[in-house]
Amino acid sequence: MKVHWTDTAEGHLDTIYAYIEKDSPEYALRVVDRLTSRSQQIADFPLSGRKVPEYEMEQIREVIEGSYRIIYHIKSNQIDVLAVIHGSQDILHKDRKKA
């Protein structure tokens, strides 16, 4: 099945790269390469990722690569990568400030 990286997910990759690049451009490239290479697993085995706990929808799944969650949506004709976020991020309340 075809894997499509959404603009949002590509933006997340750009942000991850820019953050890591400050310390090591080579490592930043390796991290982004590892994240994008997971597309092959997702394409070959769409159900191999677990259901995203925050949503518990069969078609919204994620795979873990290092410290990052690659969240994707399985559709009838393709898979959309929706987001690449650090595992410590709260995806439901990302704008909520802690008291």
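Here the structure is a predicted model, which is why all the values come from computation and not from measurement.

Analysis parameters
Residues numbered from 1 in each chain as written. Predicted model: local features only at pLDDT ≥ 70, side-chain atom pairs only at ≥ 80, totals over all residues. Heavy atoms only, no water. Core = buried A, V, L, I, M, F, W, Y, C linked by side-chain atoms within 4.5 Å. Buried < 20%, exposed > 50% of the residue type's maximum accessible area, 1.4 Å probe, protein only. Helix = DSSP H or I, 4+ residues; strand = E, 2+ residues; numbered from the N terminus. Contact = heavy atoms within 4.5 Å. Salt bridge = Lys/Arg side-chain N within 4 Å of Asp/Glu carboxyl O. pLDDT = per-residue confidence, 0-100.

As a further point, take the nonpolar core. If you look at the biggest cluster of nonpolar residues, it comprises 20 residues, and the most contacted ones within it are Trp-5, Leu-35, Ile-70, Val-81 and Val-84. For this core, the secondary structure elements donating two or more residues are strand E1 (3-5), helix H1 (7-21), helix H2 (25-44), strand E4 (68-74) and strand E5 (79-86). The dominant element in this core, judged by the number of residues it contributes, is H2, at 6 residues. Beyond its immediate sequence surroundings of up to four residues, Val-84 is in contact with Trp-5, Ala-9, His-12, Leu-13, Ile-16, Leu-35, Tyr-68, Arg-69 and Ile-70.

Counted under the stated rule, the structure contains 9 salt bridges. A salt bridge links Arg-61 to Glu-58; its shortest N-O distance comes to 2.4 Å. The exposure class of Arg-61 is buried, given its relative accessible area of 7%. With a closest N to O distance of 2.7 Å, Asp-80 and Lys-75 form a salt bridge. The buried category is assigned to Asp-80, whose relative accessible area is 7%. By relative accessible area, Lys-75 is classed as partly exposed at 35%.

As a further point, take the confidence of the model for the chain. Averaged over every residue, the pLDDT of the chain is 89; residues scoring 70 or more account for 90%. Within the model, the stretch residues 95-99 combines pLDDT values under 50 with 0 contacts to residues more than four positions away or in other chains.

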